Amino acid sequence: MGKETQINLLDRPNSYVGRILSRDAAKRAVAGRGRYTDDIMPHRTLHAAFVRSPYGHAKILSIDIKAAQEHPGVALVMTGEELSEMCTGPWVGTLVCFEGMKSAPQNPMAVDRACWQGEPVVMVVASSRAVAEDACELVSVHYEELPVVVDKEAALDPEIPIIHPELGDNLAFEKTIETGDVEKATSEADIVIEDTFTFGRHTAVSLEPRALLAEFDPGTDRLTIHTSSQCPHMIQAVFARTLGVPEHNVRIVAPDVGGSFGLKIHTFGDEVATTAASIKLGRPVKFIADRLESFATDIHARENRVKGRIAVTKDGIITSMDIDIRSGAGAYSQYPRTSVFEANQILNITGGPYAHQNYRATTQVVYLNKVPTSQYRAVGHPIGNSVGESLVDQAADACGIDPVEFRRLNVMRDDSYPRTSAAGIEMQDLSHQKCLETLVAEMNYDSLRTEQAAYRKKGIQRGIGIAAFIKGTAPGPSGYYGAGGAPIATQDACTVKLEPSGGILCMVGVTDQGQGVDTVMGQITAATIGTPIDSVRVIEGDTDAVPYGGGTYASRATAIGGEATYQAALSLRKEILEIAGALLQADIDALDIVNGNIVNKGDTVSRISLAEIGRIGHFQVSELPNHIQPVLSATHRFRLRDALYIFTNGIQGAYVEVDIDTGFIKLLNHWVVEDCGRVINPQLADEQVRGGCVQGLGGALYEECVYDSAGQLQNATLADYLTPMAGEMPDINVSHIQTHTGVSELGAKGVGESGTGAAPAVVMNAVNDAIRPFGGKITSQPMSPTIILEALGKI
Amino acid sequence: MSEITMEITLTVNSEKITKTVPVRQHLVDFLRMELGLTGSHLGCEHGVCGACSIRVNNAVVRGCLMLAVQADGADVVTVEGLTETKEIEDLQKNFVERNAMQCGYCTPGMLVTAAELLRTTKPISRDDIRNHLSGNFCRCTGYHAIIDAVETTINNRLKGR
Ligand code: FES
Ligand code: FES
């Protein structure tokens, strides 16, 4: 079959690809039949709770666990030291791809010293969580407080203590890239704008907290872990290696996952401890983080300060950009994905939509006595886009050019690919110009400007924001993970099987956390093979059942897993047609599969059904000629070749109203035009964008993990850490441009993070547009009413 | 110290139940752990997220803020009960069709809270739907689809469909 024929399978009339189909998981969810990790309650399950460091930095002088051990219902009390004896060694959260990066060895629970408030110190395992918490109260730990490092700006100053003296300083990583000649371009520019931007710490706040149930069977040395995870195979590798259990003896099951957003690609010391307890006791042990623990131990993200500079000609052409990033990590670099991706990604993507060729970016990531940071939805993009797009808006204003027109002048042209970005990254199949013009039409931009002016006359301050973006999705193997030395697959795989009933099983390494990954894989499979969607069942999230894969992260499920699924389905289709051809004594090129039946091409009359092929292929094999040994199963893998990412692009628009007396921001309307390549299920793609936007808006407007000068987290409850709720959020208009990526035959790129990546930028630009006549300017997020009033000089 | 317990009798999803419970156990832990009704979820256990919303004596309450012993004699309805009686069948169908959930963790609480709106005899604006649901946190959807699903259900009911 030639390539054309293959693609046509997906584009046939009534294809399942490109169609809205509802999700099975949704049907379970509405009936209260979701099955999350905490819903699984095996007999004799014990529950873990943790004594955690109350200090940002402290020496552990002594630990007394006797009273806790004697408490009725307690099965085990374990200190960090005892746990580390069960481990093969501490974690070191570095990757070789980040040259010069350093991190201190980290034990799953603190040994001798705690380096952030919330770090686990002692685990208690008991008959219930309540009893385990009672016994935690009976553990007595004596600490000696040590000085803390909490200010990233000061972290490298000579008088500041060094958190891990063996590292020599508090620097985790530094990197500079430069293309072209920034100094020359800047000195020759008509206009140069400089500004400094700050971003607060956020955390993922998945509604279902981190959850893990470990079941070790001492008879067979098999370890089964149910956990709320995006990456079962990575968890398998990390837990097996950390606890010295052979990887093939470890089964990881991710049941329904109640939100993940990058949080659940990580591994945590308390989860290792829980698993160790199950190994030690030979009983199921469960750990469910409560909300306080979530705030104080889930990875944090986004704490960055960026100085930025843009140079332009007076006609509004960008000639150069340069940025300087100071990124505040936690006390250790998060193992195994590190705490430096965010800073590295800011460096990769800032100013990414534009055609200038002079760019310099410097980053320094420093250790602080705070919760370790790592990947959270749209890693680095909200920051890079906010910086880049604010500079672009300020430059447009300085040139007296409308922000839309300014972007028209500067975005990479749609006919200019493949090309290299100013950051030196290969770009292909992008559509900035198409997205921009679509946005202008969707927003009704000119009349919105007229409306804005009319409101100004009435004393109502409305602002319009525009933010173009690029988004790195579906990382390739040459970049960070595999090449960096971590057991994290960048390839992904799918196995499809024809069952005797004619049903199709589709087993994928990518996982679903509610995005509809399983539905999407089912649609690709059904469309490719030519069978009703109801006859396809997708299995994901179980290392005993699915081929090895990286799971779901960095918007890779459809882009990577979708292509693997497409290729596997093509292979199975080919085998089915060969068997049908032999049975029907027909030329296979003259046959087709439609609606679960083998038909003559162009016809719909069934010559033989898939159920018949399934039956004969499994039970009645003697009907087949000798040279055919039916396998009726195909596995394919897909990985990128050289590309660092499959980059996507898009643009957002926002319309806001700012109350200049109270500093309150009202979100009136929001638009997204994005290009994720081929859209498999338009509704699911839209909802990824909408949910992602609101997550970005939360970060831009409300969310921040606030630390005091002693390294104490001040707002570790949902009442104090504000999240976006229905009342404040706008409806979000979504449109798609579909420029298929050339790196796969399916043509899909990632979509899960595009909303989050640019929503903070666009709303910041809109707010600044609203307050510009008053001389105010916002360069820090979250944009609280206080920040607005300060910018307006009112407080 | 052994757990202090108390016997309670209550109706859960139309079924009469008598159980001895620890006095400190909250109602959703009781429903989940003692009765296996895992449809009600816990997102914060401090009354903010709404994932634990259930009906007690015909009012929507945060099950994490109520002790099981306080429900002695009460009539409790969870998402499982609402499903069995088909009271919100249309709302559930619209949630599925509109994909008004992703991970589904907030969904039972959203449905229980949104069900209160379905008895209206007048149209309800999107803003009012948003305000009514503004005590239920959803991290996944961005709310737009949820508002659509509730709005469609209300409008269809008003049209007598
Ligand atoms: S769990 Fe009850 S309100 Fe969050
Ligand atoms: S669907 Fe995940 S929290 Fe609402």
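What you see as residue numbers is a count from 1 along each chain, following the sequence as written. The order in which chains are written sets their letters, starting at A; the order in which ligands are written sets their numbers, starting at 1. Given that this is a predicted model, residues contribute local features only at a pLDDT of at least 70 and side-chain atom pairs are listed and counted only at 80 or more, while totals for whole chains, interfaces and linings are drawn from all residues. For the side-chain quantities, the full set of heavy atoms in the structure was used; hydrogens and water were omitted.

Asker: Just to check I follow, could you spell out the overall build of chain B for this structure?
Answerer: From N to C terminus, chain B includes six helices and five strands. Numbering of helices and strands runs from the N terminus, with a helix taken as a DSSP run of H or I at least four residues long and a strand as a DSSP run of E at least two residues long. What you see in chain B, going N to C, is helices and strands ordered as β-β-α-β-β-β-α-α-α-α-α. By the compact-globule yardstick of 15 Å for 161 residues, chain B fits well, its C-alpha radius of gyration being 16 Å. Projected onto its principal axes, the C-alpha coordinates of chain B cover approximately 55 × 30 × 20 Å. For chain B, the residues scored as buried account for 57% of the 161 residues in total. By the convention used here, residues are in contact when the closest approach between their heavy atoms is within 4.5 Å. Across chain B, the fraction of contacts at a sequence separation of at least 24, relative to all contacts at a separation of at least 6, is 54%. Values of accessible area rely on a 1.4 Å probe in the Shrake-Rupley scheme; residue burial ignores everything except the protein chains shown. On chain B, roughly 6400 Å² of surface is accessible, and the fraction owed to carbon and sulfur atoms is 49%. A positive count includes Lys and Arg, and a negative count includes Asp and Glu. His and the chain ends are not counted in either. Where a charge lies is defined by one atom per residue type, namely NZ (Lys), CZ (Arg), CG (Asp) and CD (Glu). Charged side chains in chain B number 17 positive and 19 negative. The centres of these two groups are separated by 7 Å. Radius of gyration here uses only the C-alpha atoms, and the compact-globule reference equals 2.2 Å multiplied by the residue count raised to the power 0.38. Relative accessibility under 20% of the residue-type maximum defines a buried residue, over 50% an exposed one, and the middle range a partly exposed one, all with a 1.4 Å probe and only protein chains included.

Asker: Would you mind going over the layout of surface pockets with me for this structure?
Answerer: All names here are of chain A. Cavity means a closed set of points on a 1 Å grid over the protein atoms alone, one where a 1.4 Å probe fits but cannot get out, pocket means an open set with protein on both sides within 12 Å along at least 5 of 7 lines, and lining means a residue has an atom within 4 Å of a point. Grid points are joined across faces, edges and corners, and a volume is the space filled by probe spheres set on the points. Reported here for the second largest pocket is a volume of approximately 890 Å³. Lining the second largest pocket are 37 residues, and of these Asp24, Ala25, Arg28, Asp518 and Val538 sit closest to its centre. Residue assignment for the lining of the second largest pocket shows that the elements contributing at least two residues are helix H2 (24-30), helix H16 (517-529) and strand E23 (536-540). Among the elements that take part in the lining of the second largest pocket, H2 stands out by supplying six residues, more than any other. Charged means Asp, Glu, Lys or Arg here, nonpolar means Ala, Val, Leu, Ile, Met, Phe, Trp, Tyr, Cys or Pro, and polar covers whatever is left, Gly included. When grouped by side-chain class, the residues that make up the lining of the second largest pocket number 15 nonpolar, 10 polar and 12 charged.

Asker: Can you walk me through the nonpolar core in this structure?
Answerer: One broad trend across soluble globular proteins is that nonpolar side chains are buried collectively. Among the buried residues, those of types Ala, Val, Leu, Ile, Met, Phe, Trp, Tyr and Cys that are joined through side-chain atoms within 4.5 Å form a nonpolar core. Among the nonpolar cores identified, the biggest contains 211 residues, and A:Met123, A:Met783, B:Phe95 and B:Val150 are the most heavily contacted of them. Examining the composition of this core, we find that nine residues originate from one element, helix H20 (residues 754-771) of chain A, more than from any other. Among residues more than four places away in sequence, those in contact with A:Met783 are A:Ile665, A:Ala700, A:Leu701, A:Pro760, A:Val763, A:Met764, A:Val767, A:Ile778 and A:Ile788. In terms of nonpolar packing, the next biggest core, distinct from the first, is built from 55 residues, A:Val496, A:Met521, A:Ile593 and A:Ile613 among them.

Asker: Looking at this structure, how should I read empty space enclosed by the protein?
Answerer: The gaps of empty space that remain are located by a probe, the size of a water molecule, rolled over the atoms. All names here are of chain A. Across all of its chains, the model carries eight cavities of 30 Å³ or more by this definition. Empty space within the largest cavity amounts to approximately 690 Å³. Residue lining of the largest cavity: 50 residues in total, with Thr552, Ala554, Ser555, Arg556 and Gly752 positioned closest to the centre. When contributions to the lining of the largest cavity are tallied by element, the ones reaching two or more residues are helix H10 (341-349), strand E20 (461-473), H16, helix H17 (557-584) and helix H19 (682-701). Residues belonging to the lining of the largest cavity are distributed by class as follows: 24 nonpolar, 19 polar and seven charged. Each pocket or cavity is described by its volume, and for the second largest cavity that value is around 150 Å³.

Asker: Hey, could you run me through the confidence of the model for chain B in this one?
Answerer: Detailed reading of the predicted model is not advised wherever pLDDT is low. You can read pLDDT as the predictor saying how much it trusts each residue, on a scale of 0 to 100. Taken residue by residue, chain B gives an average pLDDT of 97. The fraction at 70 or more is 99%. Interface scoring of the predicted complex returns ipTM 0.98; its pTM is 0.97.

Asker: I would appreciate a short explanation of the interface of chain B and chain A in the present structure.
Answerer: The parts lose accessible area when they come together, and the size of an interface is often stated as this lost area. Of the residues lining the interface, 49 residues belong to chain B; the matching set on chain A comes to 52 residues. Buried area is calculated as the accessible area (1.4 Å probe) missing from two parts once they are joined, with the contributions of both summed. Note on chain B versus chain A: buried area summed over both sides is about 4100 Å², and carbon and sulfur give 57% of it. Across the pair B:Arg24 and A:Asp134 runs a salt bridge, and its minimum N-O distance is 2.7 Å. We call two N or O atoms a polar contact when they sit within 3.5 Å, provided that within protein one can donate a hydrogen and the other can accept it, with sequence-adjacent residues counted only if both atoms are side-chain atoms. Between the two partners, chain B and chain A, sit 30 residue pairs in polar contact (both at pLDDT 80 or more). Taken together, the elements giving at least two residues each to the side of chain B that touches chain A come down to helix H1 (27-34), helix H2 (79-84), helix H3 (89-97), helix H4 (107-115), helix H5 (126-132) and helix H6 (144-158) of chain B. If you tally residues by element for the side of chain B that touches chain A, the top one is H3(B), at four residues. The residue inventory of the side of chain B that touches chain A, partitioned by class, reads 21 nonpolar, 18 polar and 10 charged. Salt bridge, as applied in this entry: a Lys or Arg side-chain nitrogen positioned within 4 Å of an Asp or Glu carboxyl oxygen.

Asker: Mind showing me how you'd approach the packing of aromatic side chains here?
Answerer: In this description, a pair of aromatic rings is defined by centroid distance and the angle of the planes. All names here are of chain A. Between 30 and 60 degrees the pair is tilted, below 30 it is stacked and above 60 it is edge-to-face, where a pair is any two Phe, Tyr or Trp rings, Trp via its six-membered ring, whose centres lie within 6.5 Å. Taken as a whole and judged by the stated rule, the model has 14 aromatic pairs over all chains. Relative to Tyr335, the ring of Trp91 lies with its centre 5.1 Å away and its plane at 15°, an arrangement referred to as stacked. A residue pair is termed long-range when its members are at least 10 positions apart, and Trp91 in the loop between helix H4 (80-86) and strand E4 (113-114) and Tyr335 in the loop between strand E16 (318-328) and H10 qualify at 244 residues. Assigned by exposure class, Trp91 and Tyr335 land together as buried. Aromatic rings pair up to connect Phe98, Phe173, Phe341, Tyr480, Tyr481, Tyr553, Tyr645 and Phe647 into one cluster. As a reminder, the over-ring test applies to NZ of lysine and CZ of arginine, requiring each to be within 6 Å of the ring centre and within 35 degrees of the ring normal. Its guanidinium or amino end placed over the ring of Tyr455, Arg462 lies 3.9 Å from that ring's centre, counting from NZ or CZ.

Asker: Explain unusual backbone geometry here, please?
Answerer: When glycine is set aside, most residues are seen to have a negative phi, and most peptide bonds are trans. All names here are of chain A. In this structure, Pro418 follows Tyr417 across a cis peptide bond, with omega equal to -5°. Within the secondary structure layout, Pro418 lies in the loop between helix H12 (403-410) and strand E18 (419-420). Looking along the chain, the bond that leaves Gln781 and enters Pro782 is cis, with omega of 0°. Mapped onto the elements, Pro782 comes out in the loop between strand E31 (780-781) and helix H21 (785-791). One non-glycine residue, Leu632, adopts positive backbone phi at about 55°. Mapped onto the elements of the fold, Leu632 is located in the loop between helix H18 (610-618) and strand E27 (633-638). Given a relative accessible area of 2%, Leu632 falls into the buried group.

Asker: Could you clarify how one ought to interpret the side chain of A:Arg201 in this entry?
Answerer: Residues and elements named next belong to chain A. Examined against the element boundaries, Arg201 turns out to sit in the loop between strand E8 (191-199) and strand E9 (202-203). Within polar-contact distance, the side chain of Arg201 engages the side chain of Glu303 at 2.5 Å. Polar side-chain contacts of Arg201 include one of 3.0 Å to the backbone oxygen of Ala329.

Asker: Before we go on, may I ask you to explain the sheet that holds strand E1 (residues 5-12) of chain B in this structure?
Answerer: Hydrogen bonds between backbone groups are what pair the strands of a sheet, and the pairing can be parallel or antiparallel. Residues and elements named next belong to chain B. The sheet built from five strands is open, its strands ordered E2-E1-E5-E3-E4 with mixed pairing. Each edge of the open sheet is held by one strand with a lone partner, namely strand E2 (15-22) and strand E4 (59-62). Sheet twist, expressed as the mean angle between neighbouring strand axes with direction ignored, is 40°. If DSSP finds at least two bridges between two strands, the strands pair. In terms of strand pairing, E1 meets strand E5 (residues 75-77) through two bridges, oriented parallel. When the bridges of E5 are listed, Thr11 appears paired with Asp75. Lines are fitted to the C-alpha atoms to define the axes, a helix being fitted only along its stretch in contact, and any angle between axes, read from their N-to-C directions, falls within 0 to 180 degrees.

Asker: Would you mind showing me how to read the domain arrangement of chain B here?
Answerer: Residue and element names in this part refer to chain B. The domains assigned to chain B are domain 1 (5-82) and domain 2 (86-158). Residue ranges for the domains trace back to a domain assignment, done automatically or taken from a database. Centre-to-centre separation of domain 1 and domain 2, based on C-alpha positions: 22 Å. At the junction of the two partners, domain 1 supplies 16 residues and domain 2 supplies 16 residues. Of the roughly 1300 Å² buried between domain 1 and domain 2 on both sides combined, carbon and sulfur atoms contribute 53%. If you look at where domain 1 meets domain 2, you find one salt bridge. For Glu87, the salt bridge goes to Arg55, with nearest N and O atoms at 2.7 Å. Counting the contacts that link domain 1 with domain 2 gives eight residue pairs in polar contact (both at pLDDT 80 or more). Of all the elements, strand E3 (residues 53-56) adds the most residues to the side of domain 1 that touches domain 2, at three residues. In the side of domain 1 that touches domain 2, the residues fall into eight nonpolar, six polar and two charged.

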